[in-house]
Amino acid sequence: MTYRIQHPSLGVCYYPEHWPESQWADDAAQMAAIGITHVRIGEFAWSLYEPEPGQLDFGWLLRAMDVLHAAGLKVIVGTPTATPPKWLVNQMPDMLAVDENGDARNFGSRRHYCFSHTGYRAESARIVQAMAEAVKDHPALCAWQTDNEYGCHDTIISYSDSARRDFRIWLAGKYGHNKISALNEAWGNVFWSMEYRSYDEVDLPLQPVTEINPSHMLDFRRFSSDQVRVFNAIQCHFLREATPDVPIVHNFMGWFTEFDHFDVSADLDIASWDSYPLGFLERVGPTEERRNTYAHAGDPDFQAFHHDLYRACGKVRAPEARGRWWVMEQQPGPVYWARWNPSPAPGLVRLWTHEAIAHGAELVSYFRWRQAPFAQEQYHAGLNLPDGTPDDGSREATQVAQELKALDLTCDDVRQAPVALVFDYPSVWTGQIQPQGETYDMFLAVLRWYRAARRLGLDVDIVPSGAPLDGYRLVLVPALLTLSDDAAAALAQSDAVQLFAPRTASKTPDFRIPDTLPPGALQSIVPIRVERVESLRPGLSIPLERTGAMQADFIKWREFTTPMEGAAAEAIRLTQDGHPALWQAAKRHYLCGVLEEEPLTALVAEMADMAGLDMMNLPDGVRTRTHGKTRYFFNYGDQPRDLTHFVTGDVLLGSAVTMGHDMLVVREA
Amino acid sequence: MTYRIQHPSLGVCYYPEHWPESQWADDAAQMAAIGITHVRIGEFAWSLYEPEPGQLDFGWLLRAMDVLHAAGLKVIVGTPTATPPKWLVNQMPDMLAVDENGDARNFGSRRHYCFSHTGYRAESARIVQAMAEAVKDHPALCAWQTDNEYGCHDTIISYSDSARRDFRIWLAGKYGHNKISALNEAWGNVFWSMEYRSYDEVDLPLQPVTEINPSHMLDFRRFSSDQVRVFNAIQCHFLREATPDVPIVHNFMGWFTEFDHFDVSADLDIASWDSYPLGFLERVGPTEERRNTYAHAGDPDFQAFHHDLYRACGKVRAPEARGRWWVMEQQPGPVYWARWNPSPAPGLVRLWTHEAIAHGAELVSYFRWRQAPFAQEQYHAGLNLPDGTPDDGSREATQVAQELKALDLTCDDVRQAPVALVFDYPSVWTGQIQPQGETYDMFLAVLRWYRAARRLGLDVDIVPSGAPLDGYRLVLVPALLTLSDDAAAALAQSDAVQLFAPRTASKTPDFRIPDTLPPGALQSIVPIRVERVESLRPGLSIPLERTGAMQADFIKWREFTTPMEGAAAEAIRLTQDGHPALWQAAKRHYLCGVLEEEPLTALVAEMADMAGLDMMNLPDGVRTRTHGKTRYFFNYGDQPRDLTHFVTGDVLLGSAVTMGHDMLVVREA
Amino acid sequence: MTYRIQHPSLGVCYYPEHWPESQWADDAAQMAAIGITHVRIGEFAWSLYEPEPGQLDFGWLLRAMDVLHAAGLKVIVGTPTATPPKWLVNQMPDMLAVDENGDARNFGSRRHYCFSHTGYRAESARIVQAMAEAVKDHPALCAWQTDNEYGCHDTIISYSDSARRDFRIWLAGKYGHNKISALNEAWGNVFWSMEYRSYDEVDLPLQPVTEINPSHMLDFRRFSSDQVRVFNAIQCHFLREATPDVPIVHNFMGWFTEFDHFDVSADLDIASWDSYPLGFLERVGPTEERRNTYAHAGDPDFQAFHHDLYRACGKVRAPEARGRWWVMEQQPGPVYWARWNPSPAPGLVRLWTHEAIAHGAELVSYFRWRQAPFAQEQYHAGLNLPDGTPDDGSREATQVAQELKALDLTCDDVRQAPVALVFDYPSVWTGQIQPQGETYDMFLAVLRWYRAARRLGLDVDIVPSGAPLDGYRLVLVPALLTLSDDAAAALAQSDAVQLFAPRTASKTPDFRIPDTLPPGALQSIVPIRVERVESLRPGLSIPLERTGAMQADFIKWREFTTPMEGAAAEAIRLTQDGHPALWQAAKRHYLCGVLEEEPLTALVAEMADMAGLDMMNLPDGVRTRTHGKTRYFFNYGDQPRDLTHFVTGDVLLGSAVTMGHDMLVVREA
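Residues numbered from 1 in each chain as written. Chains lettered and ligands numbered in written order. Predicted model: local features only at pLDDT ≥ 70, side-chain atom pairs only at ≥ 80, totals over all residues. Heavy atoms only, no water.

*Asks:* How do you make sense of unusual backbone geometry when you look at a structure like this?
*Replies:* Residue and element names in this part refer to chain B. Along the chain, Phe 367 connects to Arg 368 via a cis peptide bond; the corresponding omega equals 10°. Locating Arg 368 in the fold gives a position in the loop between strand E8 (363-366) and helix H14 (392-407). Across the junction of Pro 518 and Pro 519, the peptide omega takes the value 0°, indicating a cis bond. Along the chain, Pro 519 falls in the loop between strand E12 (497-500) and strand E13 (528-535). We note that Asp 408 has phi near 50°; this positive angle belongs to a residue other than glycine. Here Asp 408 is to be found in the loop between H14 and strand E9 (419-423). (Helix = DSSP H or I, 4+ residues; strand = E, 2+ residues; numbered from the N terminus.)

*Asks:* Please explain the relation of the copies chain A and chain C as it appears in this structure.
*Replies:* Here the two chain copies are tied together by a rotation about an axis and a shift along that axis. Aligned on chain C, chain A shows an RMSD of 0.0 Å; the corresponding rotation is 120° and the shift along the axis is 0.0 Å. The relationship between the two copies is best expressed as a three-fold rotation axis. Taking C-alpha positions as the reference, the residue of chain A nearest the rotation axis is Asn101(A), at 5.2 Å. (Least-squares fit on C-alpha atoms with pLDDT ≥ 70 in both.)

*Asks:* Can you walk me through the interface of chain A and chain C in this structure?
*Replies:* Interfaces are often sized by the amount of accessible area the parts lose when they come together. Opposite the 63 residues of chain A that make contact, chain C presents 48 residues. When chain A packs against chain C, close to 4800 Å² is buried across both sides, 50% of that on carbon and sulfur atoms. When the buried surface of chain A facing chain C is broken down by residue, Trp340(A), Gln376(A) and Tyr379(A) rank first, second and third, together holding 17% of it. At the boundary of chain A with chain C, the tally comes to six salt bridges. Notably, a salt bridge pairs Asp387(A) with Arg529(C), separated by 2.5 Å at the nearest N-O pair. Applying the counting rule to chain A against chain C returns 32 residue pairs in polar contact (both at pLDDT 80 or more). (Contact = heavy atoms within 4.5 Å. Buried area = accessible area lost by both parts, 1.4 Å probe. Salt bridge = Lys/Arg side-chain N within 4 Å of Asp/Glu carboxyl O. Polar contact = N/O pair within 3.5 Å; in protein donor to acceptor, adjacent residues only side chain to side chain.)

*Asks:* Any chance you could explain the environment of His117(A) here in plain terms?
*Replies:* All names here are of chain A. In this fold, His 117 is placed in the loop between helix H4 (86-91) and helix H5 (118-135). Beyond its immediate stretch of four places on either side in the chain, His 117 contacts Met 92, Asp 94, Met 95 and Ser 162. Polar contacts involving the side chain of His 117 include one to the main-chain amide nitrogen of Gly 119, which spans 3.2 Å.

*Asks:* Hey, could you run me through the pattern of salt bridges in this one?
*Replies:* Here the idea is simple: oppositely charged side chains can pair when their charged atoms come close. All names here are of chain B. Evaluated as defined, the whole model comprises 141 salt bridges over all chains. Linking Arg 455 and Glu 597 is a salt bridge whose minimum nitrogen-to-oxygen distance equals 3.2 Å. Pair noted here: Arg 455 is in helix H16 (residues 442-455) and Glu 597 is in helix H18 (residues 597-610), with a separation of 142 residues, a long-range link. Since its relative accessible area comes to 24%, Glu 597 is described here as partly exposed. (Buried < 20%, exposed > 50% of the residue type's maximum accessible area, 1.4 Å probe, protein only.)

*Asks:* Explain the interface of chain A and chain B to me, please; I cannot follow it from the model alone.
*Replies:* Taken together, the contact between chain A and chain B spans 48 residues of the former and 63 residues of the latter. Between chain A and chain B, a total of about 4800 Å² is buried, with carbon and sulfur atoms accounting for 51% of that surface. Counting across the chain A and chain B interface gives six salt bridges. The partner of Glu52(B) in a salt bridge is Arg197(A), with the nearest N and O atoms 2.5 Å apart. On inspection of chain A and its partner chain B, the count reaches 32 residue pairs in polar contact (both at pLDDT 80 or more). Counting only elements with at least two residues in the side of chain A that touches chain B, the list comes to strand E13 (528-535) and strand E15 (553-563) of chain A. The element contributing the most residues to the side of chain A that touches chain B is E13(A), with six residues. Along the lines of polarity and charge, the residues of the side of chain A that touches chain B split into 20 nonpolar, 13 polar and 15 charged. (Nonpolar A, V, L, I, M, F, W, Y, C, P; charged D, E, K, R; others polar.)

*Asks:* Would you mind going over the sheet that holds strand E21 (residues 630-635) of chain B with me for this structure?
*Replies:* Strands in a sheet are paired, the pairing made by backbone hydrogen bonds, and the direction either parallel or antiparallel. Residues and elements named next belong to chain B. The four strands are arranged E20-E21-E25-E23 in an open sheet whose pairing can be described as antiparallel. Edge strands, defined here as strands with exactly one partner in the open sheet, are strand E20 (622-627) and strand E23 (650-653). In this sheet, neighbouring strand axes are inclined to one another by 25° on average, regardless of whether the strands run parallel or antiparallel. Relative to E21, E20 runs antiparallel, the two sharing six bridges. Residue pairing for E21: His 627 is matched across the bridge by Thr 630. (Pairing = 2+ DSSP bridges. Axes fitted to C-alpha atoms, helices over the stretch in contact; angles between N-to-C directions.)

*Asks:* What am I meant to see in the pairing of strand E17 (residues 580-585) of chain A here?
*Replies:* Along any regular strand, the residues point their side chains to alternate faces of the sheet. For E17(A), the buried fraction is high: five of the six residues fall into the buried class. Between E17(A) and strand E18 (residues 588-591) of chain A, which pair antiparallel in sequence order, lie two residues; one of them, Ala586(A), sits at a positive phi of approximately 55°.

*Asks:* Would you explain the sheet that holds strand E17 (residues 580-585) of chain C in this entry?
*Replies:* Residues and elements named next belong to chain C. Spatially, seven strands are ordered E10-E9-E11-E12-E18-E17-E16 in an open sheet, and the strand pairing comes out mixed. At either end of the open sheet lies a strand with only one pairing partner, and these are strand E10 (460-464) and strand E16 (570-574). Taking the axes of each pair of neighbouring strands and ignoring which way they run, one obtains an average angle of 20° across the sheet. Contacts from helix H12 (residues 302-313) reach strand E9 (419-423) and E10, with the element oriented near 45° to E10. Lying on the sheet, helix H16 (residues 442-455) is in contact with E9, E10, strand E11 (474-477), strand E12 (497-500) and strand E18 (588-591); it crosses E9 at an angle near 180°.

*Asks:* Explain the packing of helix H1 (residues 21-34) of chain A against helix H3 (residues 59-70) of chain A here, please?
*Replies:* Think of two packed helices as two axes; the pair is described by the angle between the axes and how far apart they sit. All names here are of chain A. The interhelical angle for the contact between H1 and H3, taken along N-to-C directions, is 35°, at an axis separation of 9 Å. Judged by the twist between their axes, the crossing of H1 over H3 is right-handed. The segment H1 lies against H3, with Glu 21, Trp 24, Ala 25, Ala 28 and Met 31 engaging Trp 60, Arg 63, Ala 64, Val 67 and Leu 68. Taken together, the residues that form the contact of H1 with H3 break down as eight nonpolar, no polar and two charged. (Left-handed = near helix turned anticlockwise from the far one by under 90°.)

Have a look at this one:
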């Protein structure tokens, strides 16, 4: 029977190999003392498991697990394939990934391997099997983590000879072994004489003179994603073979779309991600002003979005379940990898932890137990300082552990949200391959729509494109550039209010313009034709006609649309130059351009209102989320906010006037 | 007898190979119906002409020409050498060009060849001969286009082994086979021990530690340009051999100076260029404000400049003629390759077409007939949508065709302009090789001077440096960094008012400072010495003394000059710090710094006034151009402009109060 | 007996090989006539010394020296190893350095060699020996210059095979031949399985997937620096062997920290540097406003800082002496290598020259005698124009020569300054390897502290970390990220007022966090612990509590600190959020963040006041420096400044109301 966590719990990432064995027991005791119940270990230690080729030694790992077990801790064991040792690289140097310049990406840090390398796949299988065999019966073992952060440091795409060989095989599998003409047709290779006579003529999109055929590129992106899936599946196979009841997890990242996480999740029992709010804010915050406002707190929606995204990943293997997911690495203090690395304001480590749990996390595990005084991550805070003194993160984790006891939540309480946001990785790739306008980022678009719903106090589920939409009352489709038959059917079957962004279904899965023009596969439910698009430089905008409260402009992008013949679609908003801005076909709506945050939020509010949803007029920086009957409010701002009129039950935690960086938890009757 | 176009006509670029053969006849009929008379085809279809090595098939091309011919259309056939098929690249992988990092520029898009590769030159000759042989007697054939957009995607310069070998041969040809000492002397290789003992020691300027000898680089640029000339000449040779009376054209680009277009034009009967006003505006518009103002219309001077430039190219082979030139590709809607790609405002496709004709274009050919729903250019609009529906471009082209009938112009009406702007490609290279100040771009400088004349309502001819200047009353020399003997003689013989920019004749053709200091070869007519130059960072400027209306500053660049002994030159303007700012020697003037747009325009106006030219005080965004007795006004702005007081004849088209994005045509008595 | 210069003198860099031999005598006479006494020659002429392999010819060099000698000039002869000829590169192509992409850095300019290449070291030794043998007895010979500007064009670091081999040897030497475990331990290679089994497994940090182990990188930086030291030492060895009494000098650069100049200086008798105030301003000026204000004058502190830095280098070989140093190349007019290259305002060449002498320069040598009309440096002004006419630089040099006679200074008058600024190259590398905040540049931090002292009118000595601090009353430590035992001891022994910047001693020399947390080695005298740091994006700041006049914020960086148990340290300033901002332990002070220029200057003033130093409230743009009893004031601004109340002795030069770009010299009684 698969290991399960009944009540939201805390964990920590620990590297016994970095510290004297004599210290382990104290560490374990201290972990348990502050309320930690789970420990992840072992994922970077190949050179210790196998210091010389073939000389395996898992003794120290087992001893470490013994110590942790003795303290009552459960252990997640990571496979070490993210850090193959130097002797292995020297044995087969072509296992290294190759970058966009054709150069090897060398040993000296981590993730120095190409997913397509047959030899490395075999070596990975070997070490995973050996590890599983060594550890499988240990009573502390509660889960496996495969590898670590697939794709970190831009490692999904490799232009290696292995990738070239596998790509050709993959294409032959997709288009048919003797059907290179099918590939030529699908890609439109008649254009620019790009026709191939055999799969052996097809190359990786490495340093072409100018942009490669987008269909070629999209297939390469799909292939590259698939290589991750296969690499992970091999590990899962051997892990399940050894321990059928130990759940398998992988720690995904934030702001990362280079492979299809839904696909990879099909082999996982639990999804998890590594949540570094401040590091990510520096990378992706939408404006300088917002980045400064939230520099010490993190973006109010970024974490929540990923919580919901990875809860969706946790459902892939078990669609009927609630979506098992963890935060495998939670930022406990400043990190080191952003352009600037501020310190979290007091209270944020606590807030982030609770917020993950509010979104359904079974486990929030801090990274790391103790700050490492050597190597690359010296500036990455831990729960404890390098000399062992507890740091602020430790104190906040201790507080969370106590509060969790008081809240007494059950993981299974999480409910389906009223709003679905449909998401799809290949659509992001499609938008990246042909952006058409430099500042229209698909992932940011998705985040902006998510933010709009969340500012209205709505719980949101992320739903993979193609999955059923039963039970949702509002469906948001911010960036679904391609639409599978399943996805079109799910949308058609849903009776929710639906809002589609521009570019929806603008490309076929082969990366062509649909025969009937965009939105192709959507036209059966939204009967319009997109005849022309234009992208708009910063500073250019297309004003809409004032209708009621909404004064808005299209920025970045607008589309020129017409109704299909005899179509039951009405242009319910127009641009000032007389073109449709918003189409309505029954409960479905198609937006013909990109809106700024405020009018977008107003539009989503209109849709939610039409769907009969209750919304909240939340103060700036405040967000809310329910966990069963428990409602959380999180104040990401640094000023107090009076939330009295939102309190509809018993206050479990905090007070109605919620201080800056503080939170409020209410339980409904 | 060479094919000629008597009356300005419309054309279109068409790819029969992209569409079912059954559709061709309808397409042709529709083209003819909207007023199109010429069709360019065939230039990217090598893989269809020769699907397997040696298996030639021009049948489909001939059938397509039959269909077009049947509809009364003339056909321009393009040679397919811009897109060699994959099997050819596989046969000789070293035919690929090599980039500045030493890496091959691979197959997968287009222009994947090195101009210096002997094998590829032979293969190009072979396919061109075969094509010419197959097509030469077809009655629809009216012109050949060689290759496509030489240099697109930065493909002029290649660091291949072929280029290295040819460069050495080229140098030996230039400096003498046993005279490496001549090269050493010309380049000043005594500096930094760069002396060579033989041509075999000379390398390409690939990844030197710091900047390479500028003379070395200039010779490499000249060589690289020459390789294009030779590559094109080979095709022209075989085409003329097959069809002596079919004119040969190449479609040049805008904003492109990587090879000497005058040199290449010596082998062409007609010059043409590909005019994408919105795409270019995004690339090169001078200020953010201007880019926003004209985002939907294009820069008011950019197209006109290139029209005049390529009219000059059309004169190279036939200097006594008016300069035959076409627009081979005219933007018909949004494109896909700029950072942002807005939609042309209604009316612009029409305006651009007329403007080209006003500048003497015989043919304006739209790119492309129908938007391709696959491959790289999916977001490039055509006259028709991918599903065949006519798009706005089609409607505007139809209107132009009707208006052209009404205007009834003869191509031969075009007259010499009163103003000559002398231009030279090697001078641009010289300025790029040693910019000395990062923000002083030679090509932009030329455009700024052109704009100044054009804002004054003056017609301008671009004149290659060294060509006679007879008949011009004002000669502008904005960026002639090197001056050949011919050029110096032409300037000396001209009795026009002349205005020279700073840096004129500042380098010898060998890239040295002239023995007598700059402006070296110009000193016989402008007897001054430039003793020192300084480049100025943005924000720094050198104020001039107020003289009359002109309050101005030097920006970017200023020169410290003195008169030559006993010189008849007068400093008629000074800087506030007491240095000469403008020299006058009879009718010749030398400007000692760079002026902003307004004072530059005022200065050009002074010069034009001195030359006795009539000028117009055109409203913002309005430009004018004469075509024989026909005068056009183009309103690039979006606001109406009252042009009543400029109307000096019969209004043929439009009204004196010209709407935004509209035009006015007047015929003088 | 080593050649010495008694009175500050002027020199010039001269390239007889660039000019006809017939011109040499006139040049020499003209040099002498304007007051020049020293000439540097020969450093780029290998291809003339050895036009064919093994065919040596120093005849022309000796003839040039004869001519200079005849005019009474002393000659500094440069070894030509910065410009190996092409035939040598062709003999051993692997002598080229390799860049960070793994590509060779090719012939065609200069510095095309790898410091680690054994063959090139041998060839360098050979040409140096031959040159020394040829020239050693020439009566004009007064000094040797080794090579030219080590590291110019980023040439210190090379990823060549030679470097790889030598790096392994270097590591084995450092950690012990059979002690790879010592390296693994020092670097913390247990992290991410980076452990090596032998030195042969250690690679250069070339294109790792993400950041390499910082200890690895620091060792590579140390190694790369060491290779320069060795390369230079070989030349020094052979030069001293030939001419024991001829001093050896190398011309260092400004704003350059890629190798440890103190180490290299251990083999030099005299340090020198190449001072290009305007070129450097464009590169490193702190703000746009300052860059514009001083565009024609240079930063008021940049030159002085380097004068003081290289005076310190001149003391390394002879610690008891005053520090012999020269300006080997002094900017005489505009240069060519900055992004923009303005002309020095009139008077600046004179001012820069005097300022160098005020800081103790024995010799200021202009680069170059005559502007070269060919090759890379055509836009680099000389004292004379290419046609031989004297340029402004020549006139100002002439004036300086006359003024020097009047001032009659003795080089030995230079005195120890009251303020020491402790500097260390490896600390700069440490800050570059792990910046933690993108905008916190170590070298700029040092310059900012130097500027603060200098704005207060204080003379400053730069002191290498670890050197004694006897006699100093104020010690500034702006960027000492690592602290050797010697350095800690010197600080402990000093009874000066001391001010330490954040990050002081934050890393061990192995690049680890100290066991007792930062400031590790400093804790014996500043008993605090840095528990956490945060870096701050532009726009973020941490306000300090107002205390007296000082209203300040931390920018870029702040530290969270606590006192050590029982420590005698007091937090004498706090941040508004309640953390210590400034610690005091007796006369030692530790600052917990980065201050803007004004509050930093105020803080240094407090420290200087505590140390009992007299300060001056200098007007904006004015700086002062003493040379024995002679006090100079330099007005870098363009406005007059009344310095009357600073005049405490006889005015030797200038007037108390000092014009813009002018200077004032006063001699104390």
